[in-house]
Amino acid sequence: MNHIETEILVIGGGATGTGLAWDAALRGDLLFGNMDTWVIWWLTGGPNGGVHVTDVSNASRTMLMNLQTLDWDADILTLMGVPRAMLPAIKPSSAVYGDATGELAHPVQPETILFVKND
């Protein structure tokens, strides 16, 4: 019988790497988002003025959104220690999010986010 040993390093806030990342998040230099956020970010320019957004359906799946206001919940963010600066703006599921740039710019204009749940 083969025996495989593994060691697990629990990532915590005291580790240098996570501290550096969290400092970047607090400064607004680290962004969070779902796949939709990433696609729209890059289609609209990425680090050169890209739009940092998500839609209501994807934001609700993070458990950080207030379902009454359809915005990030300040109390939950504080409880979870998530800096507001790293979160995308929440927009309706069908809206014009920005203009595409670069080689994919014409005739693409991101206008909707499709949420597909695989069970």
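Residues numbered from 1 in each chain as written. Predicted model: local features only at pLDDT ≥ 70, side-chain atom pairs only at ≥ 80, totals over all residues. Heavy atoms only, no water.

Participant: Quick question: what am I supposed to make of the overall build of the protein here?
Facilitator: Within the protein, the regular secondary structure consists of 4 helices and 4 strands. When the helices and strands of the protein are listed from N to C terminus, the series reads α-α-β-α-β-β-α-β. A burial count over the protein gives 29% of its 119 residues as buried. Look at the contacts in the protein between residues 6 or more apart in sequence, and 48% of them connect residues 24 or more apart. (Helix = DSSP H or I, 4+ residues; strand = E, 2+ residues; numbered from the N terminus. Buried < 20%, exposed > 50% of the residue type's maximum accessible area, 1.4 Å probe, protein only. Contact = heavy atoms within 4.5 Å.)

Participant: Whenever I open this one, the environment of P83 confuses me. Can you help?
Facilitator: Counting through the fold element by element, P83 comes out in the loop between α4 (74–80) and β4 (89–91). The spatial distance from the C-alpha of P83 to the C-alpha of A25 is 6.5 Å, given a sequence separation of 58 residues. When neighbours within four sequence positions are excluded, P83 is seen to be in contact with W22, A25 and L26.

Participant: Can you walk me through the nonpolar core in this structure?
Facilitator: The nonpolar side chains of a soluble globular protein tend to be buried, and buried together. If you look at the biggest cluster of nonpolar residues, it comprises 10 residues: A25, A59, L64, M65, W72, L77, V82, M86, L87 and I90. Those residues in contact with L77 that lie beyond four places of it in its chain are L64, W72, V82, R84 and L87. (Core = buried A, V, L, I, M, F, W, Y, C linked by side-chain atoms within 4.5 Å.)

Participant: Can you walk me through a nonpolar patch on the surface in this structure?
Facilitator: On the surface, a nonpolar cluster with roughly 460 Å² of combined accessible area is contributed by M35, W38, V39 and W42. With respect to the helices, strands and loops of the structure, W42 is situated in helix α2 (residues 35–43). W42 gets classed as partly exposed once you look at its relative accessible area, which sits at 46%. (Patch = residues over 30% accessible without salt bridge, like charges linked within 9 Å, V, L, I, M, F, W, Y side chains within 5 Å. Areas by Shrake-Rupley, 256 points an atom, 1.4 Å probe, with all protein chains shown as cover. Salt bridge = Lys/Arg side-chain N within 4 Å of Asp/Glu carboxyl O.)

Participant: Looking at this structure, how should I read the side chain of H52?
Facilitator: The topology assignment puts H52 in the loop between α2 and β1 (53–55). Look at H52 and you get buried, because its relative accessible area is 17%. One polar contact links the side chain of H52 to the main-chain carbonyl oxygen of F32, over a distance of 2.8 Å. With residues up to four places along the chain from it excluded, the contact list for H52 reads L31, F32, T37, W41, M86, L87, P88 and A89. (Polar contact = N/O pair within 3.5 Å; in protein donor to acceptor, adjacent residues only side chain to side chain.)

Participant: So what exactly am I meant to see when it comes to the confidence of the model for the protein here?
Facilitator: Any region with low pLDDT has predicted coordinates that should not be read closely. Mean pLDDT for the protein: 77, with 69% of residues reaching 70 or above. Across the protein, β4 holds the top mean pLDDT of 95, while helix α1 (residues 16–27) sits lowest at 66. Taken together, the stretch residues 6–11 has pLDDT below 50 and engages in 1 contact with residues farther than four places along the chain or on a different chain. (pLDDT = per-residue confidence, 0-100.)

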